[in-house]
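Examining the three-dimensional arrangement
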Amino acid sequence: MATILIAEDDADIRDLVVFKLEQSGHTVIPVGDGRSALRMAHEQDPDIVLLDVMMPGMSGIDVCRELRRDAQTAELPIILLTARAQESDVENGLTAGADDYIVKPFSPRVLAERVQSVLTRTRA
Amino acid sequence: MSTADLVSVTLALLLYAVSMLGAVIVTGRIVRRRRDRRDARLAAEARPHLLELTGGDADIDEPLRRLAALDRRRWKAVQPSATSLLGKVSGHAHAALVRLFEERGIARDALRDLTRRGAVRRAAAAHVLGLMHHAEAVPALVRLLSDRNPEVRAVAARALGQVGAPEAAGPLLECLSGGGRVPFDLVAQSLIRIGPAARPALDRALSHSDPAVRAIAAEVLGLIGSVGSVAALVRVLSVDPSVDVRTRAARSLGRLGTPACLAALTDATGLAHPQAVRAEAAGALGDIGAAGAVPALRALLPDYHYRVAHNAAMSLTRLGPPAEAALREVADGTLGVRAAGHAREALAVLALAEGRLPRPAPAT
């Protein structure tokens with residue numbers, strides 16, 4: 001089981017993701033913005049990070065780029081959550097170093113499986 | 001009454017009015033704050049059932065039964081979260097929420113609200129029915145595309161895209177006819193959501209009398225990857241009377257990228273075509289990514305029109321080693337000074353992308 005950091009400004013989605021991942025046995029650290037995500041990534045040393053692309057202040061892509069620049073977090077697996085209309089951001093996200101992305105609307109079951117898949121792949 | 005008395009009475013009345021207004025505002029705020037706290041508490045009570053319904057692995061019957069049985073006040077408190085999630089989840093979570101909304105009679109109420117006098121009620125109803133992907137609502141939503149209120153028309157157009165009903169494609173396209181009752185981008189997004197099932201209507205729309213309808217059809221056919229429409233788009237690219245429509249056809253052919261697209265776009269870079277179409281075609285040849293486009297793009301580098309030559313150069317940055325070799329040759333001046341400038345710019349873009357741009361010499 002893993003420690004998962006989720007940065008999502010939409011409380012409904014954040015709560016749902018936390019519920020789903022905790023149900024799968026993971027420990028989840030929820031935050032509502034990019035700066036908090038950066039801080040918690042350093043303080044809590046998570047196994048994987050889920051970042052919403054569109055967040056106020058600092059976008060998920062900016063956070064991803066910052067995490068990759070820092071030696072302490074450079075190897076962290078990162079999954080981006082992006083709205084359907086922002087699919088063009090996916091290319092930017094992957095260029096910034098994200099390992100995978102999930103398009104909203106998403107199935108909570110598929111999200112849990114994708115998280116598990118990235119964890120398995122990066123731990124191998 | 002003396003003037004002094006009159007001033008005193010006026011001031012007293014003003015003071016009284018200000019005090020009353022202040023009291024009303026403060027009371028209103030207190031009431032609202034209490035109501036918000038009460039709603040938050042009620043929503044928090046029901047929230048675990050909502051999360052269990054949408055994110056749970058077990059049987060959804062129990063959370064569904066509890067949420068369906070909530071009294072009106074509790075449901076009103078949790079409904080904003082349920083509606084918000086409805087638009088953000090898919091699969092079993094969406095199906096579970098739709099079942100809940102059906103059981104609470106929300107679809108039935110929304111269908112009735114589509115014909116209410118108030119525009120907010122009509123728009124809210126269309127919004128919920130769209131989020132529910134409610135197929136039975138399509139005829140009523142299509143009628144709302146002609147609603148007197150522009151916001152209602154926009155919500156109805158979005159809802160039809162969310163439902164994804166192919167029969168809505170024709171009416172959505174017609175919305176743009178005669179000045180546009182719904183914004184172009186909104187109609188395009190809904191048509192994209194309907195996807196390949198919208199193709200018959202889009203193909204027909206390429207022959208519409210209104211250029212706005214032809215333009216959106218040309219654009220969306222490329223975005224939904226309608227390879228079967230290439231022949232029709234090639235025809236539009238060469239003969240449509242509207243430059244905007246031809247430009248969009250060029251862009252779509254670049255996205256579709258079949259051999260027929262390559263030939264048509266290469267032809268569209270010719271001098272017989274308007275400058276905007278030539279420039280778009282030069283850019284679209286880069287989207288196709290075929291090395292076969294290199295000779296045609298190389299020949300455009302000395303073009304007198306800046307955008308044509310610039311787009312050709314940028315397309316060459318995307319076509320691999322043969323294109324880079326062509327740029328290096330042109331940068332040496334074989335096609336003149338203007339072409340060399342575009343080629344050097346493209347080579348610098350390539351070098352930047354690959355992180356091999358030489359560092360400037362330090363100032364001495």
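Counting restarts for each chain: residues are numbered from 1 in the order of the written sequence. In the order they appear in the text, chains get letters beginning with A and ligands get numbers beginning with 1. Only residues with pLDDT of at least 70 get local features here, since the model is predicted, and only at 80 or more are side-chain atom pairs given and counted; chain-wide, interface and lining totals rely on the full set of residues. Heavy atoms from the whole structure form the basis of all side-chain values; hydrogens and water molecules are not counted.

**Thoughts on the environment of Gly336(B)**
Residue and element names in this part refer to chain B.
- Within the element layout of this structure, glycine 336 appears in the loop between α19 (320–331) and α20 (337–353).
- Residue burial is assigned from relative accessible area. The probe radius is 1.4 Å, only protein chains are included, and a residue is buried under 20% of its type maximum, exposed over 50%, and partly exposed in between. With relative accessibility at 29%, the residue glycine 336 sits in the partly exposed group.
- Taking the C-alpha atoms as reference, glycine 336 lies 38 Å from alanine 232; in sequence the two are 104 residues apart. A helix here means a DSSP run of H or I that spans at least four residues, while a strand means a run of E at least two residues long, and both kinds are numbered starting from the N terminus.

**Comments concerning the interface of chain B and chain A**
- Counting from both sides, the interface comprises 18 residues of chain B and, opposite them, 15 residues of chain A.
- Accessible area that two parts lose when put together, evaluated with a 1.4 Å probe and summed over both, is termed the buried area. In this assembly, chain B packs against chain A so that about 1500 Å² is buried in total across both faces, 51% of it on carbon and sulfur atoms.
- A pairing counts as a salt bridge when a side-chain nitrogen of Lys or Arg comes within 4 Å of a carboxyl oxygen of Asp or Glu. Between the two partners, chain B and chain A, sit three salt bridges.
- Each polar contact in these results corresponds to two N or O atoms within 3.5 Å; when the atoms are within protein, one needs to be able to donate a hydrogen and the other to accept it, and residues that are neighboring in sequence are counted only if both atoms are side-chain atoms. Linking chain B with chain A are ten residue pairs in polar contact (both at pLDDT 80 or more).
- Of all elements in the fold, only α1 (3–55), α3 (72–86) and α4 (91–103) of chain B reach the threshold of two or more residues within the side of chain B that touches chain A.
- Among the elements that line the side of chain B that touches chain A, the one with the most residues is α1(B), at five residues.
- Put simply, Ala, Val, Leu, Ile, Met, Phe, Trp, Tyr, Cys and Pro go in the nonpolar bin, Asp, Glu, Lys and Arg in the charged bin, and everything else, Gly too, in the polar bin. Looking at the side of chain B that touches chain A, its residues break down into four nonpolar, nine polar and five charged. Contacts are residue-level and defined by heavy atoms, with any inter-residue pair within 4.5 Å sufficient.

**A look at the packing of aromatic side chains**
Residue and element names in this part refer to chain B.
- Aromatic rings from Phe, Tyr and Trp, with only the six-membered ring used for Trp, were paired whenever their centres fell within 6.5 Å, and each pair was classed as stacked if the ring planes differed by under 30 degrees, edge-to-face if by over 60, and tilted otherwise. What the rule picks out here adds up to one aromatic pair over all chains.
- Relative to phenylalanine 101, the ring of tryptophan 75 has its centre 5.9 Å away and its plane inclined at 80°; by these criteria the two rings are edge-to-face. On the criterion of sequence distance, the pair formed by tryptophan 75 in helix α3 and phenylalanine 101 in helix α4 is long-range, its members being 26 residues apart.
- A residue is classified by how much of its surface remains accessible, and tryptophan 75, at 6% relative accessible area, is buried.
- By definition here, charges over rings are those cases where NZ of Lys or CZ of Arg is within 6 Å of the ring centre and within 35 degrees of the ring normal. The ring of tyrosine 304 is capped by arginine 338, whose NZ or CZ atom sits 4.2 Å from the centre of that ring.

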